[in-house]
Amino acid sequence: MTVPPFDFSHYFTYSEIDQFLHQLQQQFPTLVTVKTIGQSYAGRDIWLAIASNQQTGDYREKPAYWIDANTHAGEVTGSAVALYCLYQLLTQYGKDDQITHLMDHHTVYI
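This text gives an overview of the structure that appears in the document. Computed from a predicted model, the values in this text were never measured in an experiment. (Residues numbered from 1 in each chain as written. Predicted model: local features only at pLDDT ≥ 70, side-chain atom pairs only at ≥ 80, totals over all residues. Heavy atoms only, no water.)

Observations concerning the packing of helix 2 (residues 77-91) against helix 3 (residues 97-105)
At their nearest, the axes of helix 2 and helix 3 sit 9 Å apart, and the two run at 95° to each other. With respect to helix 3, the axis of helix 2 lies roughly perpendicular. In contact with Q88, L89 and L90 of helix 2, helix 3 contributes I99, L102 and M103. Class assignment of the residues belonging to the contact of helix 2 with helix 3 gives a composition of five nonpolar, one polar and no charged. (Axes fitted to C-alpha atoms, helices over the stretch in contact; angles between N-to-C directions. Helix = DSSP H or I, 4+ residues; strand = E, 2+ residues; numbered from the N terminus. Parallel < 35°, antiparallel > 145°, perpendicular 65-115°, else oblique. Contact = heavy atoms within 4.5 Å. Nonpolar A, V, L, I, M, F, W, Y, C, P; charged D, E, K, R; others polar.)

In structure tokens:
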């Protein structure tokens, strides 16, 4: 499976976010873990993507950074930024020295 390029043409719906996160986890299993951290009032899963190179150590023991999005349901621009950040971290790992260093030595919670 190949994750398609990040699509800037629209804001993602909940089902598109769900699908995109799981595609990323499937394609980059050593770099990202997707977990449910709760449920919204609408009964939808609240996702947490944990981005870190698992082969360089336990993500829980690395310094971390938090990116938050969609605190309020109508603020959809946050999810676009968060998903783009995650996409860049995963697709540029091994290509961009700064991203590779970040993922090897830190954890990014999104």
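Now that the structure has been shown, the text picks up again.
Section: the sheet that holds strand 1 (residues 32-39)
One open sheet holds the four strands; their spatial order is 1-2-4-3, and the pairing between them is mixed. The open sheet has two edge strands with one neighbour each: strand 1 and strand 3 (64-66). Recorded for the sheet is a direction-independent mean angle of 20° between the axes of neighbouring strands. The sheet strands contacting helix 2 are strand 1, strand 2 (45-51) and strand 4 (107-109), and the helix crosses strand 2 at an angle near 35°. (Pairing = 2+ DSSP bridges.)

A word on helix 2
Between its terminal C-alpha atoms helix 2 stretches 21 Å, which fits the 21 Å expected from 15 residues at 1.5 Å a residue. Tucked inside the fold, the buried residues of helix 2 contact helix 1 (14-27), strand 1, strand 2, helix 3 and strand 4. (Expected span 1.5 Å × (residues − 1).)

Focus on the packing of aromatic side chains
Within this structure, the stated rule accounts for four aromatic pairs. Among the aromatic residues, those joined into a cluster by ring pairs are F12, F20 and Y87. The side chain of R60 reaches across the aromatic face of Y59, ending 5.5 Å from its centre. (Phe/Tyr/Trp six-rings, centres within 6.5 Å; stacked < 30°, edge-to-face > 60°. Lys NZ or Arg CZ within 6 Å of the ring centre and 35° of its normal.)

Re the pattern of salt bridges
What the rule picks out here adds up to one salt bridge. The partner of R60 in a salt bridge is D58, with the nearest N and O atoms 2.8 Å apart. Taking the relative accessible area as the measure of exposure, D58 reaches 27% and is therefore partly exposed. (Salt bridge = Lys/Arg side-chain N within 4 Å of Asp/Glu carboxyl O. Buried < 20%, exposed > 50% of the residue type's maximum accessible area, 1.4 Å probe, protein only.)

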